[in-house]
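# Coordinate analysis (summary)
One-letter residues, chain by chain:
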Amino acid sequence: MKFLNTQDFAQQLDAADSLRSFRQQFLFPQHNGKDAIYFLGNSLGLQPKRTATDMAEVMQQWQELGVESWFKGDKPWLQYHDKLVGPLAAIVGALPGEIVVMNSLTVNLHLMLASFYQPKGKRNKIICEAKAFPSDQYTLETHVKQRGFKPEDVIVEVAPREGEVNIRHEDVLAAIEANKDELALIFWGGLNYYTGQVFNMKTITAAAHAVGAMVGFDLAHAAGNIQLQLHNWDVDFACWCSYKYLNSGPGAIGGVYIHERFHNDKELPRFAGWWGYNKATRFKMQPGFDPIPSAEGWQLSTPSVLLYAAHYSSLQLFEKAGMSSLYQKGQQLSDYLLFLLQDLNANSSQPIVQVLTPKENKGCQVSMLMLRNGREVFDALTDAGVFADWREPNVIRIAAVPMYNTFEEVWQFAQIMKTTCEQFQ
Ligand SMILES: Cc1ncc(COP(=O)(O)O)c(C=O)c1O
């Protein structure tokens, strides 16, 4: 599509947007009496209007039925999980039984490593991306230590080449090949939190399996942002959080995918708790762990039904909008932003931003390295009511989220950038 740098054109894109009514389902922080330009759905997604009602329903049921709420009422709590797995399966491309909603992301990563990092003899290495989100780095470092390894002996990081920003796909495949006899696991991000680069999970999975390694992905920035086909790609496991694109609130309950081929594998090590126990006999309270034969068999503890409710509110919107439409609009929003940034550079005596996000492999997040007056520009954006985030040394990340952001907001953002940058010329 040929883009134009005019407000009219942005408004036309909004008028043609089949998802435009979803914006009305969300609550926006206010700035000078108007909705702020909220471009931080990659950090904490906005609150759906119905979340408070769905959570209040749980409170009401608790008030009226007490512990009986697990079995009775409009939404018996024991069956609440069943409402979440269908919409999530559509978001990540899985079978409903391959999804479990539990805990939060870093906790789930450790639980999955307990099952899927199975070093045997010299096959003990883990390949991961260099400069992955810090929690992932700390997870791997402490997990391998706990298994008796030195991180430097078993963790192999793949970094961008000297002078480059993104990791080349061929370098990931080359690292797999170079370590093929020693590789136990590839643990990788679906979408890099800093640059916004999307990785080819299908090919990475095939390459890992070809050398006999397991594969797991951290989908914190991918779930609800890009299209995923975890089951068809044959991924072994994946974990994500639900407070970013999935709009389920601060500290929202996390999600895990485990391929169905592992569900009946009682030899696979795992940490267990009573909530993962065969539902038919759980309350017989017998010794000996008998897991539910689905991803739910990895649950440990009684879940927070309040967090389920907040998750449910948002997942219903995803069900209505559909991941494919959301992805297409997300691509269009970020393509439009890239066009406007190019225009900004072209109309300035010196370039103002260097886009770090690859044009072809991205979601809706765009990361900009600020070449001049970065901090001042960021502060001016904040003063103008734009929610963006700052990452050291001088990167501004923004995400125009297809569920609730508009093309006009993207255009307004570029205008604010232009006016601010002109002050420093
Ligand atoms: C890529 C990635 N991994 C892990 C985490 C940590 O998530 P949590 O704090 O929910 O464990 C985050 C948080 O933003 C993240 O972006």
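Along every chain, residues carry numbers that run from 1 in the direction the sequence is written. Given that the model is predicted, a residue must reach a pLDDT of at least 70 before its local features are reported, and side-chain atom pairs must reach 80 or more before they are shown or counted; all residues, however, enter totals for whole chains, interfaces and linings. Water and hydrogen atoms play no part in the side-chain values, which are based on all heavy atoms of the structure.

Per an unreviewed UniProt entry, the protein goes by Kynureninase and derives from Flavisolibacter tropicus. Recorded under Function (unreviewed entry), the UniProt text for the protein is reproduced unchanged: "Catalyzes the cleavage of L-kynurenine (L-Kyn) and L-3-hydroxykynurenine (L-3OHKyn) into anthranilic acid (AA) and 3-hydroxyanthranilic acid (3-OHAA), respectively." Taken from UniProt, the Sequence similarities (unreviewed entry) comment for the protein reads in full: "Belongs to the kynureninase family." UniProt positions are given in the numbering used here, feature names are shortened, and annotations may be inferred rather than shown by experiment.

Below, the discussion takes up the overall build of the protein. Secondary structure elements are defined from DSSP: runs of H or I of at least 4 residues count as helices, runs of E of at least 2 residues count as strands, and each element is numbered from the N terminus. Across its full length, the protein holds 13 helices and 17 strands. Restricting the calculation to C-alpha atoms gives the radius of gyration, and the globule rule supplies 2.2 Å times the number of residues raised to the power 0.38. Here the protein has a C-alpha radius of gyration of 23 Å; the compact-globule value for 425 residues is 22 Å, and the two agree. Sorting the 425 residues of the protein into buried and exposed places 55% on the buried side. We call two residues in contact whenever any of their non-hydrogen atoms come within 4.5 Å of each other. Within the protein, counting contacts between residues at least 6 apart in sequence, those at least 24 apart form 69% of the total. Carbon and sulfur atoms provide 52% of the accessible area of the protein, an area that totals close to 18300 Å². Burial classes follow relative accessibility: with a 1.4 Å probe on protein chains only, a residue under 20% of its type's maximum area counts as buried, one over 50% as exposed, and anything between as partly exposed. Methods summary: accessible areas were calculated by the Shrake-Rupley approach with a probe of 1.4 Å, and residue burial reflects only the protein chains presented.

Attention now goes to the nonpolar core. Only buried Ala, Val, Leu, Ile, Met, Phe, Trp, Tyr and Cys residues count toward a nonpolar core, and they belong to the same one when joined by side-chain atoms within 4.5 Å. The biggest cluster of nonpolar side chains holds 71 residues, and the ones touching the most others in it are Ile99, Trp188, Trp240 and Met403. Split by domain, the residues of this core number at least three in each of domain 1 (7–35 + 323–423) and domain 2 (54–321). If sequence neighbours within four positions are ignored, tryptophan 188 has contacts with Ile127, Cys128, Glu129, Val158, Ile167, Val172, Phe199, Ile204, Gly216, Phe217 and Asp218. Listed in part, the 35 residues of the second largest apolar core include Leu333, Trp390, Phe413 and Cys421. Just so you know, the domain bounds were taken from an automatic or database domain assignment.

This brings us to the UniProt feature "modified residue: N6-(pyridoxal phosphate)lysine" (unreviewed entry) in the protein. Residues annotated by UniProt as "modified residue: N6-(pyridoxal phosphate)lysine" (unreviewed entry) correspond here to Lys244. Within the fold, lysine 244 resides in the loop between β11 (237–240) and β12 (255–258). For lysine 244, the residues in contact, after removing those within four places along its chain, are Gly41, Asn42, Ser43, Leu44, Gly45, Ala220 and His221.

Near the ligand, the surroundings consist of Leu105, Thr106, Phe133, Ser135, Asp136, Asp218, Ala220, His221, Tyr243 and Lys244. Threonine 106 places a side-chain nitrogen or oxygen 2.5 Å from an oxygen atom of the ligand. Note that a nitrogen atom of the ligand is positioned 2.7 Å from one of the side-chain N or O atoms of aspartate 218. Protein chains shield 81% of the accessible area of the ligand, which is 400 Å² for the free molecule. Only α4 (105–116) and α5 (134–146) provide two or more residues apiece to the shell around the ligand. We call a residue near a molecule or strand when any one of its heavy atoms sits within 4 Å of it. Polar contacts here mean pairs of N or O atoms no more than 3.5 Å apart (in protein, one a potential hydrogen donor and the other a potential acceptor; neighbouring residues in sequence count only if both atoms are side-chain atoms).

Moving on, we come to the packing of helix α3 (residues 80–92) against helix α10 (residues 305–321). In contact at an axis separation of 9 Å, α3 and α10 are set at 40° when each is read in the N-to-C sense. Accordingly, the angle class assigned to the pair α3 and α10 is oblique. For the pair α3 and α10, the sense of crossing is left-handed. Contact residues: Tyr80, His81, Lys83, Leu84, Pro87, Leu88 and Ile91 in α3; Val305, Tyr308, Ala309, His311, Tyr312, Leu315, Phe318 and Glu319 in α10. Throughout this entry, Asp, Glu, Lys and Arg are counted as charged residues, while Ala, Val, Leu, Ile, Met, Phe, Trp, Tyr, Cys and Pro are counted as nonpolar. The remaining residues, Gly among them, count as polar. Among the residues making up the contact of α3 with α10, the classes are represented as eleven nonpolar, two polar and two charged. Where helices are involved, their axes are fitted lines through C-alpha atoms of the stretch in contact, as for all axes, and angles between N-to-C directions lie from 0 to 180°. Should an angle lie under 35 degrees it is considered roughly parallel, over 145 roughly antiparallel, and from 65 to 115 roughly perpendicular; all remaining angles are considered oblique. Crossing handedness is defined as follows: a turn of the near helix away from the far one that is anticlockwise and smaller than a right angle gives a left-handed crossing, while the clockwise case is right-handed.

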